[in-house]
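Chain by chain, the residues:
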2 protein chains.
Amino acid sequence: MKGTVGELGEFGLIRELTSRLTSTPAVRLGPGDDAAVVAAPDRRVVASTDILLEGRHFRRDWSTAYDVGRKAAAQNLADIAAMGAVPTSLLLGLVVPAELPVTWATELMDGIRDECQVAGAAVVGGDVVRGEVITLAITALGDLRNLEPVTRSGARPGDVVAYTGWLGWSAAGHAVLSRGFRSPRAFVEAHRRPEPPYHAGPAAAGLGATAMCDISDGLVADLGHIAEASKVRIDLRSGAIDIPSQMNDIGQAVGVDPLQWVLTGGEDHAILATFPPDVKLPARWKVIGEVVGASAQPQVTVDGAPWHSNGGWDHFGSGGGR
Amino acid sequence: MKGTVGELGEFGLIRELTSRLTSTPAVRLGPGDDAAVVAAPDRRVVASTDILLEGRHFRRDWSTAYDVGRKAAAQNLADIAAMGAVPTSLLLGLVVPAELPVTWATELMDGIRDECQVAGAAVVGGDVVRGEVITLAITALGDLRNLEPVTRSGARPGDVVAYTGWLGWSAAGHAVLSRGFRSPRAFVEAHRRPEPPYHAGPAAAGLGATAMCDISDGLVADLGHIAEASKVRIDLRSGAIDIPSQMNDIGQAVGVDPLQWVLTGGEDHAILATFPPDVKLPARWKVIGEVVGASAQPQVTVDGAPWHSNGGWDHFGSGGGR
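Residues numbered from 1 in each chain as written. Chains lettered and ligands numbered in written order. Predicted model: local features only at pLDDT ≥ 70, side-chain atom pairs only at ≥ 80, totals over all residues. Heavy atoms only, no water.

**Comments concerning the overall build of chain A**
For chain A, the count of helices and strands is 10 helices and 13 strands. Here the C-alpha radius of gyration of chain A, 20 Å, is about what a compact globule of 322 residues would show, namely 20 Å. Along the first, second and third principal axes, the C-alpha set of chain A runs to 60 × 50 × 35 Å. Going through the 322 residues of chain A one by one, you find that 61% of them count as buried. (Helix = DSSP H or I, 4+ residues; strand = E, 2+ residues; numbered from the N terminus. Rg over C-alpha atoms; globule rule 2.2 N^0.38 Å. Buried < 20%, exposed > 50% of the residue type's maximum accessible area, 1.4 Å probe, protein only.)

**Overview of the relation of the copies chain B and chain A**
Mapping chain B onto chain A leaves a residual RMSD of 0.0 Å; the transformation is a rotation of 180° accompanied by 0.0 Å of translation along its axis. Given the turn and translation reported, the copies of this chain are related as if by a two-fold rotation axis. Every residue of chain B has its C-alpha some distance from the rotation axis, and the shortest such distance is that of Arg43(B), at 2.4 Å. Of all interface residues in chain B, 98% are interface residues in chain A too; the two copies therefore contact each other through one and the same surface. (Least-squares fit on C-alpha atoms with pLDDT ≥ 70 in both. Contact = heavy atoms within 4.5 Å.)

**Some thoughts on the UniProt feature "binding site: Mg(2+) 2" (unreviewed entry) in chain A**
Residue and element names in this part refer to chain A. Taken from the UniProt record, the annotation "binding site: Mg(2+) 2" (unreviewed entry) applies to Asp 50 and Asp 79. These annotated residues cover 30 residues of sequence, and their C-alpha atoms all fall within 9.5 Å of one another, placing them together at a single site. In this fold, Asp 50 is placed in strand β3 (residues 44–53). Residue classification places Asp 50 among the buried residues on the basis of a relative accessible area of 9%. Within polar-contact distance, the side chain of Asp 50 engages the side chain of Gln 75 at 3.4 Å. (UniProt positions renumbered as here; feature names shortened; annotations may be inferred. Polar contact = N/O pair within 3.5 Å; in protein donor to acceptor, adjacent residues only side chain to side chain.)

**Focus: the interface of chain B and chain A**
Residue-level contacts link 62 residues of chain B with 61 residues of chain A. Here Arg152(A) ties to Asp33(B) by a salt bridge, and the two come within 3.7 Å at their closest N and O atoms. Taken together, the connections running from chain B to chain A amount to 20 residue pairs in polar contact (both at pLDDT 80 or more). Here the element with the most residues in the side of chain B that touches chain A is strand β3 (residues 44–53) of chain B; it accounts for 9 residues. In terms of residue class, the side of chain B that touches chain A is built from 34 nonpolar, 13 polar and 15 charged. Examined bridge by bridge, strand β2 (residues 36–39) of chain A and β3(B) share 4 bridges and lie antiparallel to one another. Considered in β3(B), the bridge of Val38(A) is made with Val45(B). (Salt bridge = Lys/Arg side-chain N within 4 Å of Asp/Glu carboxyl O. Nonpolar A, V, L, I, M, F, W, Y, C, P; charged D, E, K, R; others polar. Pairing = 2+ DSSP bridges.)

**Section: the packing of helix α5 (residues 169–178) of chain A against helix α6 (residues 185–192) of chain A**
Residues and elements named next belong to chain A. Following both chains from N to C, one finds α5 and α6 inclined at 110°, their axes separated by 7 Å at the closest point. When the interaxial angle is binned, α5 and α6 end up roughly perpendicular. Here Trp 169, Ser 170, Ala 172, Gly 173, His 174, Val 176 and Leu 177 of α5 come into contact with α6, specifically with Ala 186, Phe 187, Val 188, Ala 190, His 191 and Arg 192. Split by residue class, the contact of α5 with α6 holds 8 nonpolar, 4 polar and 1 charged. (Axes fitted to C-alpha atoms, helices over the stretch in contact; angles between N-to-C directions. Parallel < 35°, antiparallel > 145°, perpendicular 65-115°, else oblique.)

**Regarding the packing of aromatic side chains**
Scanning the model with the defined rule gives 8 aromatic pairs over all chains in all. Their ring planes at 25° and their centres at 6.2 Å tell us that Phe58(A) and Trp104(A) sit as a pair that is stacked. Residue Phe58(A) is located in the loop between β3 and α3 (65–81), and its partner Trp104(A) is located in helix α4 (residues 102–119); the two are separated by 46 residues in the primary sequence. The same class applies to Phe58(A) and to Trp104(A), which are both buried. When the ring centre of Trp104(B) is taken as reference, the NZ or CZ atom of Arg60(B) above it lies at 5.8 Å. (Phe/Tyr/Trp six-rings, centres within 6.5 Å; stacked < 30°, edge-to-face > 60°. Lys NZ or Arg CZ within 6 Å of the ring centre and 35° of its normal.)

**Observations concerning the UniProt feature "binding site: Mg(2+) 4" (unreviewed entry) in chain A**
In the numbering used here, UniProt assigns the "binding site: Mg(2+) 4" (unreviewed entry) feature to Asp34(A), Ser48(A) and Asp79(A). Spanning 46 residues, the named residues are also spread out in space, since their farthest C-alpha pair is 25.7 Å apart. Inspection of the secondary structure assignment puts Asp34(A) in the loop between β1 (27–29) and β2. Among residues more than four places away in sequence, those in contact with Asp34(A) are Ser48(B), Asp79(B), Ala82(B), Met83(B), Arg152(B), Met212(B), Cys213(B) and Asp214(B). Within the fold, Asp79(A) resides in helix α3. Judged by its relative accessible area of 8%, Asp79(A) falls in the buried class. Contacts of Asp79(A), omitting those with residues within four sequence positions, involve Ser48(A), Asp50(A), Asp214(A), Asp34(B) and Ala35(B).

In structure tokens form, the structure reads like this:
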């Protein structure tokens with residue numbers, strides 16, 4: 001397949017992209033009509049939308065199109081899992097410059113498709129338009145399987161705070177890449193292609209999680225969202241968080257305390273939840289703090305004190321490199 | 001409310017936008033969490049995504065932010081109706097430049113909210129990021145109410161072709177605006193703010209429509225999609241299509257045959273459907289042609305002959321002004 005998307009044209013590109021897709025039994029009507037039809041056996045559907053822009057959320061010189069697709073899909077599917085739902089489907093709105101190679105678009109689609117398969121979902125529709133900046137608008141849908149959605153607002157004093165997945169790996173990989181290095185590969189890979197623990201979201205709902213979200217803005221920031229929505233104070237024990245020795249090595253090499261990555265690095269899409277204190281959590285969950293009290297001024301502390309670093313990203317802030 | 005979205009920041013803008021929203025009983029969990037939860041009583045959900053870019057799909061000097069919002073929502077909600085479904089909800093991904101006035105964004109949101117209300121739906125979530133080009137990524141969801149979705153592929157020889165809604169009004173309004181005029185207002189308004197007949201989609205499904213779509217690319221082009229998906233030939237009778245006298249006047253003034261607007265103008269989001277020949281259609285439906293035979297080479301003819309004008313828009317083509 002050669003040429004640019006401008007040469008291929010809108011309908012040709014849509015044909016090329018949809019021809020690569022796979023389906024699942026939940027897909028009642030896939031791409032090609034005015035709209036798709038997806039099973040929603042629970043009689044409710046969980047839905048989330050994210051936008052990613054080239055230059056802000058990904059760079060073509062840092063990530064392959066395939067990895068951009070994997071990451072973009074992962075980010076959105078993780079939001080579904082973080083409600084306690086099972087992802088079923090995904091829609092892709094895509095802005096592409098006319099001079100973009102068709103292969104970049106098809107490899108992006110392959111990445112989105114493969115990440116959907118990891119999560120048990122399928123791409124069911126979308127839209128393609130020409131524009132200057134590559135833009136991905138992804139909407140993911142999911143099914144609650146008769147469990148109640150786990151929101152951010154249910155954390156109660158006494159609950160434990162636990163996570164599963166990866167913390168700070170993407171941020172460490174970003175630090176490596178931004179200094180022009182390509183290794184250690186494990187962290188660079190984690191930045192290029194996060195691995196959200198999709199299964200953990202519905203599992204946490206089944207375990208009685210009282211509040212939940214995925215970590216996209218950073219541990220302290222996302223826990224802050226739970227504290228705010230639940231009107232509670234939460235204390236993290238930094239010593240409870242495992243920092244891999246290789247992450248310490250990178251920290252020394254680039255002059256950054258790796259705790260910074262673990263506490264403020266987003267994009268790994270770990271699943272973060274609060275549970276009643278008597279919960280028996282499977283081994284892959286790590287308890288890292290607790291809800292210390294109700295509060296009119298919700299707050300997250302680390303080892304009992306406010307965390308003074310930048311607690312996350314504001315996409316409009318000047319510091320926002322994403 | 002003063003200032004730019006850059007001054008207000010991401011979270012401030014999201015607060016401002018979500019504070020303007022209204023809800024419906026179908027909204028089980030609205031904006032503010034990882035994902036929204038919407039009722040899907042049919043156990044299936046209908047979903048469609050569209051992307052709109054400033055300069056390509058709308059112009060700030062031609063349309064108010066409010067009208068851009070109305071139109072963007074209408075375009076997507078019409079896709080849901082065109083499957084025979086009732087729109088329930090909408091998600092908005094929004095790219096905004098930092099220097100955009102906050103009021104532009106809030107008026108856009110007001111327009112989206114109000115169009116959702118017309119269709120019986122509500123905005124349930126979204127994403128906001130900073131970027132150079134104002135971009136709207138809209139996903140609409142809907143419920144089939146135990147009817148089968150009406151796709152493009154069910155048209156059969158002998159079926160009649162009918163539409164309800166407006167044809168060519170937006171194109172005529174575009175012609176007026178592009179020549180620097182602001183009247184006749186009815187057509188300019190139709191270009192700025194289409195009025196899709198949302199109720200007609202589910203009603204057509206109930207009347208036994210065999211194929212259906214909304215007219216977003218133009219009558220001939222969208223009927224071509226039905227012909228292709230259904231593997232049939234379709235003939236339109238141009239004399240059956242009412243051309244308002246004011247549209248004839250505009251055509252004379254700008255030197256365009258108004259039949260061109262009626263046959264190729266998109267964006268009015270009329271509902272177009274095929275029905276069994278013995279159907280009794282309510283008066284608001286207008287029969288304008290029939291499915292004349294099965295065909296390995298699907299084709300749409302006008303008064304028995306191929307239509308030689310540009311049959312619609314290709315977003316990558318040089319002629320694409322949308």
